[in-house]
Amino acid sequence: MLDIRVEKVEQRKEKPDFNNLGFGKYFTDHMFVMDFSDEKGWYNARIVPFGYIPIHPASTVLHYGAEIFEGMKAYKTENGYQMFRPYENAKRFNDSAERLCLPTIEPEDFVQAVTELINLDYSWIPDANGTSLYIRPFMFGNDESLGVHAVHNATFVVILSPVGSYYKEGLNPVKITIEDKDVRAVRGGTGYAKCGGNYAASLRAGKVAASKGFSQVLWLDGVERKYIEEVGAMNVMFKIKGEIVTPSLTGSVLPGITRKSCIEILREWGYKVTERLLSVDELITAAENGELEEAFGTGTAAVISPIGHLFYKDVDHVVSNNQIGELTQRLYDELTGIQWGKKEDKRNWCVKVEQ
Ligand code: PLP
Ligand code: COI
């Protein structure tokens, strides 16, 4: 259990319009910060006014990208709020930390830090339809020297941002282009970790895609550029001839918590869900034959996001007539119903906090 010192702001900021939030543009009044050194372990846990973080110019993160993060959400309920599977995020954070030789954090401490910060900034949890409080825990290596080595000093921070939908399309289908030049991650690399470097590697293709009107890029495997992996901020699932197919977690794909939850729900509904290697040729053939019935992404920020166009090698393949598919809609309703506390949480996924 952390002993957290609290330093409150003198005056709270004005809140943005909760009906027009976009994603990640506004931040609450406070942030959680904690330091680590090999000698002391984690120390100086504190909640302080949201603001700049002083950083040494030789700091490891600035030169060698020693950084990991998480993305999770809190949802306003009638008498407080609830978080969706926060211990899964805590666990994945530690898996990422292990891969990047950053220190791990006790899952209880991770969730405590997030909870105490939200409790203080509770008034920032938006209540407009489709909104939530996005939670961004992150950690960076903070050694003040230029040698390349596992870090000895690190900083853990949690910031909060009231958000609406991630894509400007909202729940309307997004246009995705399949990238066959740049790759995001390779097996044995850091693809399964949620580290900043993976996203840095994705920016060039994302920029080209955006200039052509696509929301995001669908990545292929880094060796053969043959197998479907995931989209920039979400895992992908395809309904092909009634069966749900999703790329297996080969090490270069982020093990999404939404993905895992959807697989469980779909199997409970009686669908056959197969995690396997899915080649882009197989996917495109299914699209051409009319066997690709629905395609959607899953993610904390993206929630369930229907894919209406798949663009590959100069050909645009329209999926589900560019409409949200029946199963995609049902899954969206079920998942968000649980997250927003409107449907029974029979799997005990939500951690409820009363205010
Ligand atoms: N894949 C990538 C690259 C992501 O950034 C995310 C978002 O966190 C996901 C998949 C979905 O993961 P989750 O469902 O845990 O949010
Ligand atoms: C999330 O869904 O939490 C993400 O991290 C996606 C993205 C904003 C990087």
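Going by the structure above, here's the rest.
Let us look at the structure shown here. (Residues numbered from 1 in each chain as written. Chains lettered and ligands numbered in written order. Predicted model: local features only at pLDDT ≥ 70, side-chain atom pairs only at ≥ 80, totals over all residues. Heavy atoms only, no water.)

### Quick notes on the environment of Thr115
Our working rule: Put simply, DSSP H or I for four residues or longer makes a helix, DSSP E for two residues or longer makes a strand, and each gets a number counted from the N terminus. Between buried and exposed lies partly exposed: a residue is buried under 20% and exposed over 50% of the maximum accessible area for its type, with that area taken using a 1.4 Å probe on protein chains only. Whether two residues are in contact is decided by their heavy atoms, any of which lying within 4.5 Å being enough.
Note on placement: Thr115 falls in helix H3 (residues 107-120). Since its relative accessible area comes to 15%, Thr115 is described here as buried. Along the primary structure Thr115 and Val353 are separated by 238 residues, whereas in three dimensions their C-alpha atoms are 8.2 Å apart. Not counting residues up to four positions away in its chain, the partners in contact with Thr115 are Tyr81, Met83 and Val353.

### Quick look at the site of ligand 1
Going by this rule: We call a residue near a molecule or strand when any one of its heavy atoms sits within 4 Å of it. Polar contact is defined as a pair of N or O atoms within 3.5 Å, subject to the rule that within protein one atom must be able to donate a hydrogen and the other to accept it, and that residues adjacent in sequence are counted only when both atoms are side-chain atoms. Calculation of accessible area relied on Shrake-Rupley with a 1.4 Å probe; when residues are assessed, cover is drawn exclusively from the protein chains displayed. Residue polarity is assigned by list, with Asp, Glu, Lys and Arg as charged and Ala, Val, Leu, Ile, Met, Phe, Trp, Tyr, Cys and Pro as nonpolar; anything else, Gly included, falls into the polar class.
Near ligand 1 lie 17 residues; those nearest to it are Arg92, Tyr199, Glu230, Thr258 and Thr300. At 2.5 Å, a side-chain N or O of Tyr199 approaches an oxygen atom of ligand 1. Contacts to ligand 1 include Thr300, whose side-chain N or O atom sits 2.6 Å from an oxygen atom. Expressed as a share of its isolated accessible area of 380 Å², the protein-covered part of ligand 1 is 96%. When contributions to the shell around ligand 1 are tallied by element, the ones reaching two or more residues are strand S11 (228-231), helix H5 (257-268) and strand S15 (292-299). Of the residues that constitute the shell around ligand 1, the class distribution is six nonpolar, seven polar and four charged.

### Quick notes on the site of ligand 2
Close to ligand 2 lie Phe23, Phe69, Gly71, Tyr134, Arg136, Tyr166, Lys194, Tyr199, Ala233, Thr300 and Ala301, which account for all nearby residues. In the model, an oxygen atom of ligand 2 is placed 2.7 Å from a nitrogen or oxygen of the Lys194 side chain. With respect to ligand 2, the backbone of Ala301 contributes an N or O atom lying 2.8 Å from an oxygen atom. In the complex, 89% of the free accessible area of ligand 2, which totals 280 Å², lies under the protein chains.

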